[in-house]
Amino acid sequence: MSDAPRINPSILAADFADMRAELARIGGADFVHVDVMDNHFVPNLTFGPQMVERIQATSPVPLDVHLMIDDPDRWAPGYAELGAASVTFHLEAANEPVALARRLRAIGARAGIAVKPMTPVESLFDILDDVDQILVMTVEPGFGGQSFMPETMPKLRRLSDEARRRGSSVWLQVDGGISPDTIAQAADAGADTFVAGSAVFGADDPDRAIAALRKLAAAHTH
Ligand code: DX5
Ligand code: ZN
């Protein structure tokens, strides 16, 4: 892999009342990870397009939107239209994932597809060429601050092997419990894009935490 590992801080762990200042603390990030939750697909509620539009207007780095919502076929294109660089929806929630991914790309966003920890990655092999990013959740989606699930690593490895076999340039993202203690095993299993909420915003110096995570991941990338 030629690119340096990407570190995408999740603003779920930021102070929602001071978002402009929080965004200014992560200028060294590759993308800002924006968790949209609808209290249906997951048992938690965050924010919708209006808030994401303001974050888009305020953020010094591009947006990596993670939609944990039902009916992404209806809602995801709006996030691409407001300018998000990357829009990821869940396979478990989409009615027509291939058509949706193509639509996101047509609008100009990177198209991403996510799977929960128990969803097999083999179900993604058919869509691999139509997406720019695959997110393998390393916790059950819904909340920040949960423990990394190492049992998701074998399927990440299978996905990474398949992508490599096809010569695919798809980015492989992990999200949930990523910290200095866990990032090496995810990099080792093939991840190149890392979401970290508490490990970045919980640090005294978020930009330093980002650099340290990137360095650790790079040391375990092969
Ligand atoms: C969980 C979210 C994650 C979350 C990660 O459902 O998708 O992006 O913010 O938070 P940490 O890094 O604290 O596990
Ligand atoms: Zn997320």
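Look above for the structure.
We now turn to the structure provided with this report. This one's a predicted model, so the numbers in the text were calculated from it and none came from an experiment. (Residues numbered from 1 in each chain as written. Chains lettered and ligands numbered in written order. Predicted model: local features only at pLDDT ≥ 70, side-chain atom pairs only at ≥ 80, totals over all residues. Heavy atoms only, no water.)

Description of the overall build of the protein chain
And then number 1: Check the secondary structure of the protein chain and you find eight helices and eight strands.
And then number 2: A globule of 222 residues ought to have a C-alpha radius of gyration of about 17 Å, and the protein chain, at 16 Å, matches this closely.
And then number 3: The dimensions of the protein chain, computed from C-alpha atoms along their principal axes, are 40 × 40 × 30 Å.
And then number 4: Considering the protein chain as a whole, with its 222 residues, one finds that 55% of them fall into the buried category.
And then number 5: Once local pairs closer than 6 in sequence are excluded, the contacts in the protein chain between residues at least 24 apart make up 63%.
And then number 6: For the protein chain, the accessible area works out to roughly 9500 Å², and carbon and sulfur atoms hold 49% of it.
And then number 7: The average position of the 19 basic charges and that of the 31 acidic charges among the side chains of the protein chain differ by 4 Å. (Helix = DSSP H or I, 4+ residues; strand = E, 2+ residues; numbered from the N terminus. Rg over C-alpha atoms; globule rule 2.2 N^0.38 Å. Buried < 20%, exposed > 50% of the residue type's maximum accessible area, 1.4 Å probe, protein only. Contact = heavy atoms within 4.5 Å. Areas by Shrake-Rupley, 256 points an atom, 1.4 Å probe, with all protein chains shown as cover. Lys, Arg positive; Asp, Glu negative; His and termini not counted. Charge placed at Lys NZ, Arg CZ, Asp CG, Glu CD.)

Section: the packing of aromatic side chains
Each aromatic ring pair is specified by the distance between its two centres and by the angle formed by the two planes.
And then number 1: Counting across every chain of the model gives two aromatic pairs.
And then number 2: Ring centres of F16 and F47 lie 5.6 Å apart, and the angle between their planes is 55°; this geometry places the pair in the tilted category. One end of the pair, F16, is in the loop between β1 (6–9) and α1 (19–24); the other, F47, is in the loop between β2 (32–37) and α2 (49–58), with 31 residues separating them in the sequence.
And then number 3: A relative accessible area of 38% places F16 in the partly exposed class.
And then number 4: Taking the relative accessible area as the measure of exposure, F47 reaches 12% and is therefore buried. (Phe/Tyr/Trp six-rings, centres within 6.5 Å; stacked < 30°, edge-to-face > 60°.)

A few points about the packing of helix α3 (residues 72–81) against helix α4 (residues 97–107)
Each pair of packed helices can be described by the angle between their axes along with the distance between the axes.
And then number 1: Two elements in contact, α3 and α4, have axes separated by 9 Å at closest approach and are oriented at 15°. When the axis of α3 is compared with that of α4, the two are roughly parallel. The two elements α3 and α4 meet at a crossing, and its hand is right-handed. Counted together, P72, D73, A76, P77, A80 and E81 of α3 and L100, R103, L104 and I107 of α4 form the full contact between these two elements.
And then number 2: In terms of residue class, the contact of α3 with α4 is built from seven nonpolar, no polar and three charged. (Axes fitted to C-alpha atoms, helices over the stretch in contact; angles between N-to-C directions. Parallel < 35°, antiparallel > 145°, perpendicular 65-115°, else oblique. Left-handed = near helix turned anticlockwise from the far one by under 90°. Nonpolar A, V, L, I, M, F, W, Y, C, P; charged D, E, K, R; others polar.)

Considering the site of ligand 1
And then number 1: Lining the immediate environment of ligand 1, one finds 20 residues, of which D35, G142, D175, G197 and S198 sit closest.
And then number 2: Contact between ligand 1 and G145: an oxygen atom at 2.9 Å from a main-chain N or O atom of the residue.
And then number 3: For ligand 1, the accessible surface in isolation is 380 Å², of which the surrounding protein chains cover 99%.
And then number 4: Those elements that place two or more of their residues in the shell around ligand 1 are β2, β3 (63–68) and β8 (193–196).
And then number 5: Per-element accounting of the shell around ligand 1 gives the leading share, three residues, to β2.
And then number 6: Residues that form the shell around ligand 1 fall into these classes: eight nonpolar, 10 polar and two charged. (Near = heavy atom within 4 Å. Polar contact = N/O pair within 3.5 Å; in protein donor to acceptor, adjacent residues only side chain to side chain.)

Looking at the coordination of the zinc ion (ligand 2)
And then number 1: Surrounding the zinc ion (ligand 2) are the protein donor atoms H33 (NE2), D35 (OD), H66 (ND1) and D175 (OD), at 2.1 to 2.3 Å.
And then number 2: For the zinc ion (ligand 2), the six donor atoms in the first shell make angles of 71 to 173° at the metal, a pattern classed as octahedral.
And then number 3: All donors of the zinc ion (ligand 2) come from a single chain, and their spacing in sequence reads H-x1-D-x30-H-x108-D.
And then number 4: Relative accessible area serves as the criterion here: at 4%, D35 is assigned to the buried category. (Donors = N, O, S within 2.8 Å, 3.2 Å for Na, K, Ca; no water. Tetrahedral: all angles 85-135°; square planar, octahedral: opposite > 155°, others 65-115°.)

So, the environment of Q173
And then number 1: For Q173, the location among the structural elements is in strand β7 (residues 171–175).
And then number 2: Placed 158 residues apart in sequence, Q173 and D15 show a C-alpha to C-alpha distance of 24 Å.
And then number 3: Other than its neighbours up to four places away in sequence, Q173 contacts N8, H33, D64, Q133, I134, L135, V136, T193 and V195.

Taken by themselves, the reported measurements are silent on function.
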